[in-house]
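Listed below are the residues making up each chain.
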Amino acid sequence: MEIGERLREARETKDLSLDSLQETTKIQKRYLVAIEEGNFHILPGKFYARAFIKEYANAVGLDPNELLEEYKEEVPKTEEENDAPYTRIQRTRKESNAEKSPAIFSRLPTIIVILLVIGIILAAWFFYMQSTSGSDEADSQEDQNDNEEIIINNPDDDQDNSEEDAADESNEATEEDAEEDASEEEDAEAESEAELSLAEEGTGSPPESTFDFTDTGEEITLTLESSGNTWLDVQNGDGESFYSQEFSEDESPMEFDMSDEERIYLSIGNVSDLTVTINGTELEYPIDPDEEVFQKIWINMDSET
């Protein structure tokens, strides 16, 4: 009995339809049929053939490892099985995510605006007090002139007016400088933001899409986070493999240093469980994961360092 017949027999024993099995495993129905009929060439690749068989076996109550060992001559083998290089993988744990970047830098524009508003309020209060004080002095002087019928030219008034004008000009200059500094910081922050844009949406089955990534930083970090089990293959433009096996939530998050790479290739199964970010910018899948559970992604690096 071939492995496909063994799996189909286990499915029928559990009274499971292909549609219900597709719902459970997130593997498209046409791939499940190909496994049962032994047409492994229809599957996306050798790695996914083994991964799909494991998911099928788990769903119908068979031990996947024993099943693959029993039919090891029949099941396609990957070129590099379970020996993906980890020399450039930097793993981090979820507990350390909060320490990656100080929150103070993300709040800097808000702090600047608050300080600017406080400065404007203080300046307005100062001008109001000056204006009130000057008005009281003028009323007092006018009453004295009316009573004594004497006209006095007080040189101190001219000096006070000159000092007040100088204070006004100084405060206006300070406010303009603060506004220019805040504008420059906001422009600098906007220029430093990374951009991940879709260049070409993939067609066919599985679809193969292309993205362009632009960033001004010297370091480029690819971060992968899984909320379940994902079949994952990560390569550069020269075909060098960084990771090629099933990626689980326990290994998440995982980081790759891609600062020296010109292109990144991702072959992803069960895309709804995998989140991809580059320098904090999340990749949005071009095709709905509910429509295509398996997708291939190319990312062209266009760093402006």
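Given the structure is predicted, the values throughout are model-derived calculations rather than measurements. Every chain's residues receive numbers from 1 upward, in the order its sequence appears when written. In keeping with the model being predicted, local features are shown solely for residues with a pLDDT of at least 70 and side-chain atom pairs are shown and tallied solely at 80 or more, while totals for entire chains, interfaces and linings include all residues. Working from all heavy atoms in the structure, the side-chain values ignore hydrogens and water.

Engineer: Tell me about the nonpolar core, and please be specific about residues and values.
Structural biologist: Take the buried residues of types Ala, Val, Leu, Ile, Met, Phe, Trp, Tyr and Cys, join any two whose side-chain atoms come within 4.5 Å, and each joined set is a nonpolar core. In this scheme, a residue with accessible area under 20% of its type's maximum is buried, one over 50% is exposed, and one in between is partly exposed, where area comes from a 1.4 Å probe on protein chains only. Of all hydrophobic cores here, the largest spans 28 residues; its most connected members are I3, L7, I35, L43, F52 and I53. Elements with a contribution of two residues or more to this core: helix 1 (3–13), helix 2 (18–25), helix 3 (29–37), helix 4 (46–59) and helix 5 (64–70). Under the scheme used here, helices are H or I runs from DSSP no shorter than 4 residues and strands are E runs no shorter than 2 residues, and both carry numbers assigned from the N terminus. Examining the composition of this core, we find that eight residues originate from one element, helix 4, more than from any other. Throughout, a contact is declared for two residues whenever any of their heavy atoms are within 4.5 Å. The contact partners of I3, leaving out residues within four places of it in the chain, are F40, I53, L67, Y71, E74 and V75. Within the second largest apolar cluster, 26 residues are counted, among which are I220, M258, I297 and M301.

Engineer: Tell me about the side chain of K296, and please be specific about residues and values.
Structural biologist: For K296, the position within the fold is in strand 11 (residues 294–301). Positive residues here are Lys and Arg, negative ones are Asp and Glu, while His and the chain termini are left out of the count. Counted as salt bridges are all cases of a side-chain nitrogen of Lys or Arg within 4 Å of a carboxyl oxygen of Asp or Glu. Here K296 is buried and forms no salt bridge, its nearest opposite-charge partner E208 lying at an N-O distance of 4.8 Å.

Engineer: Run through the sheet that holds strand 11, naming residues and quoting values.
Structural biologist: Pairing is mixed in the open sheet, where six strands are placed in the order 2-3-11-8-5-6. Strands with a single pairing partner mark the edges of an open sheet, and in this sheet they are strand 2 (195–200) and strand 6 (241–248). For this sheet, the mean inter-axis angle between neighbouring strands, taken without regard to orientation, is 20 degrees. Should DSSP find at least two bridges between two strands, the strands are regarded as paired. Bridging between strand 5 (residues 229–236) and strand 6 involves seven bridges; their strand directions are antiparallel. Directly across from T230, in strand 6, lies its bridge partner F247. The axes are straight lines fitted to the C-alpha atoms, using for helices just the contacting stretch, and the angles between their N-to-C directions are given from 0 to 180°.

Engineer: Now, about helix 1: what can you tell me, with residues and values included?
Structural biologist: Within an α-helix, residues lying three or four positions from one another point in the same direction, as the helix has 3.6 residues per turn. Within the sequence span of helix 1, burial applies to I3, G4, L7, A10 and R11. The arc enclosing the buried residues of helix 1, seen along the axis, measures out at 130 degrees, which places them on a common side. In helix 1, the exposed residues that point more than 90 degrees away from the buried face are E12 and T13. In this structure, the buried residues of helix 1 make contact with helix 2, helix 3, helix 4 and helix 5. This arc corresponds to the set of directions leading from the helix axis out to the C-beta atoms.

Engineer: Could you give an account of a nonpolar patch on the surface, with specific residues and numbers?
Structural biologist: Taken together, the side chains of I111, I114, L115, I118 and L122 define a hydrophobic patch exposed on the protein surface, amounting to about 460 Å² of accessible area. On the secondary structure map, I114 appears in helix 7 (residues 108–148). The patches described consist of residues with a relative accessible area above 30% and no salt bridge, like charges being joined within 9 Å and nonpolar side chains (Val, Leu, Ile, Met, Phe, Trp, Tyr) within 5 Å. Per-residue accessibility takes into account occlusion by the displayed protein chains alone, with areas from the Shrake-Rupley method and a 1.4 Å probe.

Engineer: Which residues make up the environment of L222, and what are the values?
Structural biologist: Of note, L222 is situated in strand 4 (residues 221–226). The exposure class of L222 is buried, given its relative accessible area of 0%. Along the chain, L222 and E282 lie 60 residues apart, while their C-alpha atoms are 10.0 Å from each other.

Engineer: With reference to specific residues and values, describe the packing of aromatic side chains.
Structural biologist: Centres within 6.5 Å are what make two rings of Phe, Tyr or Trp a pair, Trp counting through its six-membered ring; a difference in plane orientation under 30 degrees is then read as stacked, over 60 as edge-to-face, and the rest as tilted. Considering all chains together, one arrives at nine aromatic pairs under this definition. Linked through ring pairs, Y31, F47, Y48, F52, W231 and F294 together constitute an aromatic cluster. Over the face of the ring belonging to W298 we find R263, whose NZ or CZ atom lies 4.0 Å from the ring centre. Geometrically, a lysine NZ or arginine CZ counts as sitting over a ring once it is within 6 Å of the ring centre and also within 35 degrees of the ring normal.

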